[in-house]
Amino acid sequence: MFSGYPGGMVLYLHNQIIQGLCERKRAGLARAVTLVENGSEHARHILEEAYRLRGHSKVIGITGSPGVGKSTLVDSLIGAIRERGDSVGVIAVDPSSPFTGGAILGDRVRVRSRTTDNEVFFRSLASRGYLGGLSRHTGDIITLFDAFGFDYVLVETVGTGQSEVDIMRYAHSVLVVMAPGLGDDIQAIKAGILEIGDVFCVNKADHPDADRAVAVLEAMLGLNRQWQWKPPVVKTVASQGKGVVELLGKIDEHLEFLKQNGLLEERVSRSYIAALEDNIRRDTVDRILTEARLDGTLDLVLTQLSQGKTYPAAVAKQLIGKYLCAEESDNQ
Amino acid sequence: MDRTIRVLVGKPGLDGHDRGAKVIARSFRDAGMEVIYSGLHRTPEELARMAVEEDVDVVACSILSGAHNTLLPRVVECLKKEKGTEELDVLVLAGGIIPAEDVEFLKANGVDEVFGPGTNTQDIVEYTKTNLKR
């Protein structure tokens, strides 16, 4: 299976990791995630293998504002999934510092149960400057988890504001978590995060305002008459596990709906487009800026910009023309 | 390869005081590292499992209960078991209330360095950066 790759130590490393993936060794998966996340050269062969093996997992995105209880809900969802005997991988994203690049990844503080369960795997990721609520390599990392063969992959986004909707590009089903008392009906009709939910959850439902939050959401969802799938709203108290089995049931119903209507393939191909977009953007931006910095062009245009002799969109066009269209014969 | 240092800050055992753990977590963060905080009351088995799944370069345990001679060698043992090797590629650090006479025992049992109260956090960061095992 590995014969096509170049030899030496690097080959050994790939094989260990790929074999780890195939044999479901958690250290293999963990190291593969690290290499992909660091944009390592070794990642290429691992991803090749992972994309070949993918296709089993149900990918559930979990998003919502900071403090609504996403991590606590993940903890109880892990429990509900394991109760049925299914396996689950969790990817939890927290923000990186824009100044130092450091991060505190605190989701494990809430996800306390089943840490040593062999059918559960939990990985914390830092967003590393990526702004859509995920990290730059989340798409590829979901694929690694899928290749590992988990029945479910849960992806918890950073605490989101109103427009971090990237999760919808990668998940088969998106769960938007809300809490009582976080906004009125004008918030509910705004564009953005409330549009991307396939299932809604009002957590902390033991709060007196919970029914009102549900009513506002239901009213917002009722305004759209064109639903193929009308997103259900489920009340949960994640800290006590209340409503979580029902919530998981609704998520499964949505996945079944997608499958029955041939929409699952559409979502999967959406995730491929997202991955392509991410990769193209990353590679071209890196390449243009690196080359422009090396040959001094960047300094030159910065001076022109500060003197008001040109404007950013024009410079961007010029740089794209200069560095991207020049030679396309690079190794790949 | 752009490599970010990842650290697990762990609280093994039954003491419920994590001010120190949070201060050190913050110092690692400010040094550009990614810090996974375990939360309170973790078993050595749980911490080892976390270290593997998070693929960390450093496991830094904070312990104030006095049970360090029992718990920390057990953390190292569990790490070796989880990783399936005697040669750990993880730096194991300890901090908290640890009497000087216990340091030698801990070092003989796989803890790489022990930092007591009053240690400059910058010194811990520097030590960590220069003693990584991979």
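Predicted model, so just to flag it, every value in this text is computed and none were measured. Starting from 1, residues in each chain are numbered consecutively following that chain's sequence as written. Lettering of chains starts at A and numbering of ligands starts at 1, both following the order in which they are written. Reporting of local features is limited, given that this is a predicted model, to residues whose pLDDT is at least 70; pairs of side-chain atoms are given and counted only at 80 or more, and all residues count toward the totals for whole chains, interfaces and linings. Each side-chain value is worked out from all heavy atoms of the structure, with water and hydrogens disregarded.

Colleague: Describe the overall build of chain B, with residues and values.
Modeller: Broken down by element type, chain B carries 5 helices and 5 strands. By definition, any uninterrupted DSSP run of H or I lasting at least four residues is a helix, any uninterrupted run of E lasting at least two residues is a strand, and each is numbered from the N terminus. In chain B, the order of α-helices and β-strands from amino to carboxyl end is β-α-β-α-β-α-β-α-β-α. For chain B, the spread of C-alpha atoms along the principal axes amounts to about 40 × 35 × 25 Å. Note on exposure labels: buried denotes an accessible area under 20% of the residue type's maximum, exposed denotes more than 50%, and partly exposed covers the range between, all computed with a 1.4 Å probe on protein chains only. Counting only residues that meet the buried cut, chain B has 54% of its 134 residues in that class. Residue contacts follow a heavy-atom distance rule, with two residues in contact if any of their heavy atoms lie within 4.5 Å. Pairs at least 24 apart in sequence give 71% of the contacts found in chain B among residues at least 6 apart. With residues, only the protein chains shown are counted as cover, and all accessible areas are computed by Shrake-Rupley using a 1.4 Å probe. If you sum the accessible surface of chain B, you get close to 5800 Å²; carbon and sulfur atoms cover 50% of it.

Colleague: Account for helix H9 (residues 210-222) of chain A, with residues named and values stated.
Modeller: Residue and element names in this part refer to chain A. One fewer than the residue count of a helix, multiplied by 1.5 Å, yields its expected span. Between the first and last C-alpha of H9 there are 18 Å, a value that for 13 residues agrees with the 18 Å anticipated at 1.5 Å per step. Those residues of H9 that sit buried are Ala 210, Ala 213, Val 214, Val 216, Leu 217, Met 220 and Leu 221. Looking straight down H9, one finds its buried side chains confined to an arc of 160 degrees; they lie on one side. By definition, the arc is the one covered by directions from the helix axis to the C-beta atoms.

Colleague: Can you lay out the interface of chain B and chain A for me, pointing to particular residues and giving the numbers?
Modeller: Chain B puts 32 residues into the contact, and the matching count from chain A is 30 residues. Two parts placed together each lose some accessible area under a 1.4 Å probe, and adding up what both lose gives the buried area. The junction of chain B with chain A conceals about 2500 Å² of combined surface from both sides, 47% of it contributed by carbon and sulfur atoms. For this document, the term salt bridge refers to a Lys or Arg side-chain nitrogen within 4 Å of an Asp or Glu carboxyl oxygen. Counting every contact that joins chain B to chain A gives 7 salt bridges. Measuring nitrogen to oxygen at the nearest pair gives 2.6 Å for the salt bridge that ties Arg128(A) to Glu34(B). N or O atoms closer than or at 3.5 Å make up a polar contact, with two conditions inside protein: a donor-capable atom paired with an acceptor-capable one, and, for residues adjacent in sequence, both atoms drawn from side chains. Here chain B is connected to chain A by 24 residue pairs in polar contact (both at pLDDT 80 or more). Residue assignment for the side of chain B that touches chain A shows that the elements contributing at least two residues are helix H1 (19-30), strand S2 (34-37), helix H2 (44-53) and helix H3 (68-83) of chain B. Here the side of chain B that touches chain A gets 6 residues from one element, more than from any other, and that element is H2(B).

Colleague: Now, about the pairing of strand S5 (residues 152-156) of chain A: what can you tell me, with residues and values included?
Modeller: Residue and element names in this part refer to chain A. Summarising burial for S5: 5 of the 5 residues are buried, a large majority. Of the two faces of S5, the one carrying Tyr 152, Leu 154 and Glu 156 and the one carrying Val 153 and Val 155 are both buried. Note: two strands are recorded as paired if DSSP finds a minimum of 2 bridges between them. Sheet topology places strand S1 (residues 58-64) next to S5; 5 bridges connect them, and they run parallel. The residue bridging Ile 60 from the neighbouring strand is Leu 154, located in S5. Looking at chain direction, strand S2 (residues 88-94) and S5 are connected through 5 bridges and run parallel. Residue pairing in the sheet places Val 90 in a bridge with Leu 154 of S5.

Colleague: I'd like a rundown of the packing of aromatic side chains, residues and numbers included.
Modeller: Residue and element names in this part refer to chain A. The pairing test for Phe, Tyr and Trp rings, Trp by its six-membered ring, is centres within 6.5 Å, and the orientation test on the planes gives stacked under 30 degrees, edge-to-face over 60, and tilted for anything in between. For the structure shown, the criterion picks out 7 aromatic pairs over all chains. On the basis of an interplanar angle of 40 degrees and a centroid distance of 6.4 Å, the ring pair of Tyr 51 and Tyr 272 is categorised as tilted. Linking Tyr 51 in helix H3 (residues 43-53) with Tyr 272 in helix H11 (residues 264-294), this pair joins segments that are 221 residues apart in sequence. For the pair Phe 148 and Phe 150, a centre-to-centre distance of 5.2 Å together with 35 degrees between the ring planes defines the contact as tilted. Taking relative accessible area as the criterion, Phe 150 reaches 1% and is therefore assigned buried. Three or more aromatic residues joined by ring pairs form one cluster here, namely Phe 121, Phe 145, Phe 148 and Phe 150.

Colleague: Mind laying out the nonpolar core, listing which residues take part and the relevant values?
Modeller: Residue and element names in this part refer to chain A. We define the nonpolar core as a collection of buried residues of types Ala, Val, Leu, Ile, Met, Phe, Trp, Tyr and Cys that are connected through side-chain atoms lying within 4.5 Å of one another. Ranked by internal contacts, the top residues of the largest apolar core, which has 47 residues, are Leu 29, Ile 46, Ile 91, Leu 144, Phe 145, Val 155 and Phe 200. Leaving out residues up to four positions away in the same chain, Phe 200 has contacts with Leu 175, Val 176, Met 178, Leu 194, Leu 217, Met 220, Leu 221, Pro 231, Pro 232, Val 233, Val 234 and Leu 247. By size, the runner-up hydrophobic cluster in this structure holds 34 residues, among which are Val 90, Val 120, Tyr 152 and Val 234.

Colleague: Account for the sheet that holds strand S6 (residues 173-178) of chain A, naming residues and giving values.
Modeller: All names here are of chain A. Within the open sheet, the 7 strands sit side by side as S4-S2-S5-S1-S6-S7-S8. Their pairing is parallel. Edge strands, defined here as strands with exactly one partner in the open sheet, are strand S4 (120-126) and strand S8 (233-235). For this sheet, the mean inter-axis angle between neighbouring strands, taken without regard to orientation, is 20 degrees. Pairing geometry for S1 and S6, over 5 bridges, is parallel. Bridging from a neighbouring strand, Ile 60 pairs with Ser 173 of S6. Angles run from 0 to 180 degrees between N-to-C directions of axes, and those axes are lines fitted to C-alpha atoms, restricted for helices to the stretch in contact. Sheet contacts for H9: S6, strand S7 (199-202) and S8; angle to S7, the most-contacted strand, approximately 160 degrees.

Colleague: Explain the pairing of strand S3 (residues 58-63) of chain B to me, using residue names and the numbers behind them.
Modeller: Within a regular strand, the side chains alternate between the two sheet faces. Residue and element names in this part refer to chain B. Counted residue by residue, S3 has 6 buried out of 6 residues, so it is predominantly covered. Covered by surrounding structure in S3 are Val 58, Ala 60 and Ser 62 together with Val 59, Cys 61 and Ile 63, the residues of both alternating faces. Summarising the sheet, strand S1 (residues 6-10) and S3 pair through 4 bridges and their orientation is parallel. Each residue of the ladder has a partner; that of Gly 10, found in S3, is Cys 61. Pairing analysis gives 6 bridges linking S3 to strand S4 (residues 91-96), with the strands arranged parallel. The residue of S4 that forms the bridge with Val 59 is Val 92. Where the polypeptide runs from S3 across H3 and back to S4, its parallel neighbour, the crossover connection is right-handed. By definition, the crossover connecting two strands over a helix is right-handed if that path, from the first strand to the second, turns clockwise as seen with the strands pointing away from the viewer.

Colleague: Requested: an account of helix H2 (residues 26-37) of chain A, with residues and values cited.
Modeller: Residue and element names in this part refer to chain A. The terminal C-alpha atoms of H2, which comprises 12 residues, lie 16 Å apart, in line with the 16 Å expected from a rise of 1.5 Å per residue. Counting buried positions over the 12 residues of H2 gives 10, a clear majority of the element. Considered for burial, the residues of H2 that qualify are Arg 26, Gly 28, Leu 29, Ala 30, Ala 32, Val 33, Thr 34, Leu 35, Val 36 and Glu 37. Looking one or two residues past H2, Gly 39 carries a phi angle of roughly 65 degrees, positive in sign.

Colleague: Tell me about the sheet that holds strand S5 (residues 113-115) of chain B, residues and numbers included.
Modeller: The strands making up a sheet are joined through hydrogen bonds of the backbone, oriented either antiparallel or parallel. Read across the open sheet, the 6 strands follow the order S3(A)-S2(B)-S1(B)-S3(B)-S4(B)-S5(B); overall the sheet is parallel. The outermost strands of the open sheet, each flanked by one partner alone, are strand S3 (103-105) of chain A together with S5 of chain B. When strand polarity is set aside, the average angle formed by the axes of neighbouring strands in this sheet is 25 degrees. Packing of H2(B) onto the sheet brings it into contact with S1 and S3 of chain B, and relative to S1(B) it is tilted by some 165 degrees.

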